[in-house]
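Structural features, examined
Single-letter residue listing:
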There are 2 protein chains.
Amino acid sequence: MNIIVDAFGGDEGVAEVVKGCVEASNDFDVTVTLVGDEQILSQALSGYENTQNIRIVHADEVIDNSDDPVTAIRRKKNASMVVGLHMLKDGEGDGFVSAGNTGALLAGATLIVGRLKGIDRPALAPFLPKNDGLFMLLDAGANTNCKPLNLAQFAILANAYVRRVVGVESPKVYLLNNGAEEGKGDALRKETFPLLQKLPLHFCGNVEARELPYADADIVVADGFTGNVVLKLYEGLGLYFGRQIKGMFMKNLFSKLAALTMKGSIREFKDKMDYTEYGGAPLLGVKKPVFKTHGSSKSKEFYYTIEKVKRFAENNVLDEVVDCIAQIGVMDHE
Amino acid sequence: MNIIVDAFGGDEGVAEVVKGCVEASNDFDVTVTLVGDEQILSQALSGYENTQNIRIVHADEVIDNSDDPVTAIRRKKNASMVVGLHMLKDGEGDGFVSAGNTGALLAGATLIVGRLKGIDRPALAPFLPKNDGLFMLLDAGANTNCKPLNLAQFAILANAYVRRVVGVESPKVYLLNNGAEEGKGDALRKETFPLLQKLPLHFCGNVEARELPYADADIVVADGFTGNVVLKLYEGLGLYFGRQIKGMFMKNLFSKLAALTMKGSIREFKDKMDYTEYGGAPLLGVKKPVFKTHGSSKSKEFYYTIEKVKRFAENNVLDEVVDCIAQIGVMDHE
């Protein structure tokens, strides 16, 4: 298996990408192809011994966050992201990872790799922490405007992923809404609800945002605007609370001593809130596995993402989506 | 000044309402009229000495959370909420507070008290905590479907409230969006942005949910669906993090000792996250001050809410709204 990584996508520099990829390639027994400036990559790799599973493909342009997504994908033919996506499309790899411009990755994945048959809009699908584990939230921002059909398709995509990659036999699917009872919400939610009821998956009804940290949800379906607000508020409040707690412990000598005695549980809490261990978010609905990691991804996030890409590619997630779409067929004509 | 309180609205029972109202009536020098079962209220009051500022108005029905809002307002003519709102409308009080069914309060305030001229939809406008204080979020759930004009009117309402009640000379107003740059968002956000730019207030552009805990915003404008998600996620994650921290400190003898030495800063943190001190949320856009407190409000929340109602009524908030609407006149015909 060969996983293609955009080595020039993140904000943290090539060294972090290379470190995560070298370790992952050995631990998970996959080939990783780094796409980017050959000279810089060779130099970064020279510090490692076990690089036998690493390949380099040269690309001398970079798409940055100020680039307009569609324009960048169309014009920067030799950008690391564009070269990598073309390799993926051409079968030269089994999955693709980038920490770069999210909009460009969405546009590139759709324009270059293409959508799965029966899926109108791909969705960004990160995992968020809750009391007893994680849940997948989608769409977290790929589509600002969504129709009921899009949300139903998101549920199918997430269901296949969570079943095949996470290993949950029958994932519990919820619709994010402004009330728990059936019949709540705006037109989009009201029309989506019956569509979700008809799907061959375990739809459990509406969930309010207040319940997200305690709900038994494996998957939460939202339109991309609302999902993006939830993702960002999770990140923002996580950072805020983290800093408040740190401030509490750094206040004086006594609290610093307290922090020492509580080192273990503070570490546990930090790990739980540390997104990097969950790895990047899959972009579900395109023809091949494509993952977006945070712009600020360190080596650990690349490491875990590569493991996820491997499991995605190995476990026929997309076949299950295709089968499901074929089974309910009528959806893409509604 | 006479403030009318729905004594049978909350989930915590009459004793909490009465306690908060007796204390507030004395500390803030206002008359408080409790609406509800006369016998129960008299009995609850008999435990207090300084009840000279308390009045009772009898109402023998109660609207509960299972009631359909509009039906309940129309049919339960003698419910404490309905009787109280009619008193407010008839000039027998200067403001109204209820911890009851939110939907019924919204419907009742609109149907009985009526909307301000030039305001199409009233908005629920709670304050949420951030690093250096609070910000007003509206609409937090009164309107599931909003148009650009509604959002612009919400900004006018909040601006007058924050200027007059909070005392911020020129509140910073932001539009909640999925990106900070101008031009971001769905059709609603894109059309709202230029409307907000034209208003005579300090519009500072878009704010992403990630930035809410650290932004310099005094006011954040959202549609009622998204605002409701933000409000509830703030509450849910606040509860979640609070419990995580508690768990950290309760883990073993060492952590319990640590908690003792850090008592002061733990208290500070809890106070900051304790919504009750901010008081209830005004329902902005109706002809008189109407406030919604949490269903689980304890005495302290009623206490602080009464202070806010007093300041709302005293400081001509609604006159400023009317003046602003008159000044820009054209809006309600767009």
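Presented here is an overview of the structure given in this document. Here the structure is a predicted model, which means the values were calculated and not measured. (Residues numbered from 1 in each chain as written. Chains lettered and ligands numbered in written order. Predicted model: local features only at pLDDT ≥ 70, side-chain atom pairs only at ≥ 80, totals over all residues. Heavy atoms only, no water.)

**Observations regarding the interface of chain A and chain B**
Each partner contributes residues to the interface: chain A has 49 residues there, and chain B has 50 residues. In total, about 4500 Å² of surface goes out of reach between chain A and chain B, with carbon and sulfur atoms giving 71% of it. Summed over the shared surface of chain A and chain B, the result is 6 salt bridges. In this structure, Glu235(B) and Arg210(A) form a salt bridge, with 2.9 Å as the shortest nitrogen-oxygen distance. On inspection of chain A and its partner chain B, the count reaches 12 residue pairs in polar contact (both at pLDDT 80 or more). Residue assignment for the side of chain A that touches chain B shows that the elements contributing at least two residues are helix H7 (187-198), helix H8 (224-249), helix H9 (253-261) and helix H10 (263-273) of chain A. With 20 residues, H8(A) is the single largest residue contributor to the side of chain A that touches chain B. Broken down by class, the residue content of the side of chain A that touches chain B amounts to 24 nonpolar, 14 polar and 11 charged. (Contact = heavy atoms within 4.5 Å. Buried area = accessible area lost by both parts, 1.4 Å probe. Salt bridge = Lys/Arg side-chain N within 4 Å of Asp/Glu carboxyl O. Polar contact = N/O pair within 3.5 Å; in protein donor to acceptor, adjacent residues only side chain to side chain. Helix = DSSP H or I, 4+ residues; strand = E, 2+ residues; numbered from the N terminus. Nonpolar A, V, L, I, M, F, W, Y, C, P; charged D, E, K, R; others polar.)

**Some words on the relation of the copies chain A and chain B**
Between chain A and chain B, which share one sequence, the superposing operator has a rotation angle of 180° and an axial displacement of 0.0 Å; the RMSD is 0.0 Å. Viewed as a symmetry operation, the transformation between the two copies matches a two-fold axis. When C-alpha distances to the rotation axis are compared across chain A, the minimum falls at Ala258(A), with a value of 2.4 Å. Residue by residue, 100% of the interface of chain A is reproduced at the interface of chain B, so both copies engage with the same surface. (Least-squares fit on C-alpha atoms with pLDDT ≥ 70 in both.)

**Quick look at the packing of H10(A) against helix H8 (residues 224-249) of chain B**
With their axes 10 Å apart at the nearest point, H10(A) and H8(B) run at an angle of 155° to one another. In terms of orientation, H10(A) and H8(B) fall into the roughly antiparallel class. Crossing geometry of H10(A) relative to H8(B) is assigned as right-handed. Contacts from Ser265(A), Ile266(A), Phe269(A), Lys272(A) and Met273(A) of H10(A) reach H8(B) at Tyr240(B), Phe241(B), Gln244(B) and Met248(B). Its residues assigned to classes, the contact of H10(A) with H8(B) comprises 6 nonpolar, 2 polar and 1 charged. (Axes fitted to C-alpha atoms, helices over the stretch in contact; angles between N-to-C directions. Parallel < 35°, antiparallel > 145°, perpendicular 65-115°, else oblique. Left-handed = near helix turned anticlockwise from the far one by under 90°.)

**Quick word on the sheet that holds strand S9 (residues 202-207) of chain A**
Residue and element names in this part refer to chain A. Taken together, the 5 strands give an open sheet; going across it, the order is S6-S7-S10-S8-S9, and neighbouring strands pair in mixed fashion. In this open sheet, the two edge strands, each paired with only one partner strand, are strand S6 (127-130) and S9. Each neighbouring strand pair of the sheet contributes to a mean axis angle of 30°, computed without reference to strand direction. (Pairing = 2+ DSSP bridges.)

**Digging into the pattern of salt bridges**
Inspection of every chain in the model, using the stated rule, returns 30 salt bridges over all chains. Glu169(B) is paired through a salt bridge with Arg163(B); the nearest N and O atoms lie 3.8 Å apart. You can call Arg163(B) partly exposed: its relative accessible area is 28%. Each of Arg163(A), Arg164(A), Glu169(A) and Glu320(A) takes part in one network of salt bridges that share partners. (Buried < 20%, exposed > 50% of the residue type's maximum accessible area, 1.4 Å probe, protein only.)

**Overview of a nonpolar patch on the surface**
Residues Leu253(A), Leu257(A) and Leu260(A) make up a contiguous nonpolar surface patch of roughly 330 Å² in combined accessible area. Locating Leu253(A) in the fold gives a position in helix H9. (Patch = residues over 30% accessible without salt bridge, like charges linked within 9 Å, V, L, I, M, F, W, Y side chains within 5 Å. Areas by Shrake-Rupley, 256 points an atom, 1.4 Å probe, with all protein chains shown as cover.)

**Examining the packing of aromatic side chains**
Inspection of every chain in the model, using the stated rule, returns 22 aromatic pairs over all chains. Between Tyr161(A) and Phe291(A), the ring centres sit 6.5 Å apart and the planes meet at 50°, which makes this aromatic pair tilted. Remark: Phe291(A) occurs in strand S12 (residues 290-292) and Tyr161(A) occurs in helix H6 (residues 148-166); sequence separation between them is 130 residues. Taken as a pair, Tyr161(A) and Phe291(A) share a single burial class, namely buried. With 5.8 Å between their ring centres and 80° between their planes, Tyr214(A) and Tyr240(B) make a pair best called edge-to-face. Of this pair, Tyr214(A) sits in the loop between S9 and strand S10 (219-221) while Tyr240(B) sits in helix H8, on two different chains. Note on Tyr214(A): relative accessible area 28%, which makes it partly exposed. With a relative accessible area of 0%, Tyr240(B) lands in the buried category. Taken together, Tyr214(A), Tyr240(A), Phe241(A), Tyr214(B), Tyr240(B) and Phe241(B) form an aromatic cluster joined through their ring pairs. The ring of Phe225(B) carries the charged tip of Arg189(A) above its face, separated from the ring centre by 3.9 Å. Across the ring face of Tyr214(A), the terminal group of Arg243(B) is positioned such that the distance to the ring centre comes to 4.7 Å. (Phe/Tyr/Trp six-rings, centres within 6.5 Å; stacked < 30°, edge-to-face > 60°. Lys NZ or Arg CZ within 6 Å of the ring centre and 35° of its normal.)

**Some remarks on the side chain of Lys292(A)**
Residue and element names in this part refer to chain A. In this fold, Lys 292 is placed in strand S12. Within the structure, Lys 292 has its side chain in polar contact with the backbone oxygen of Ala 99 (distance 3.4 Å). There is a polar contact of 3.3 Å between the side chain of Lys 292 and the backbone oxygen of Gly 100. The contact partners of Lys 292, leaving out residues within four places of it in the chain, are Ser 98, Ala 99, Gly 100, Thr 102, Leu 105, Leu 124, Gly 280 and Ala 281.

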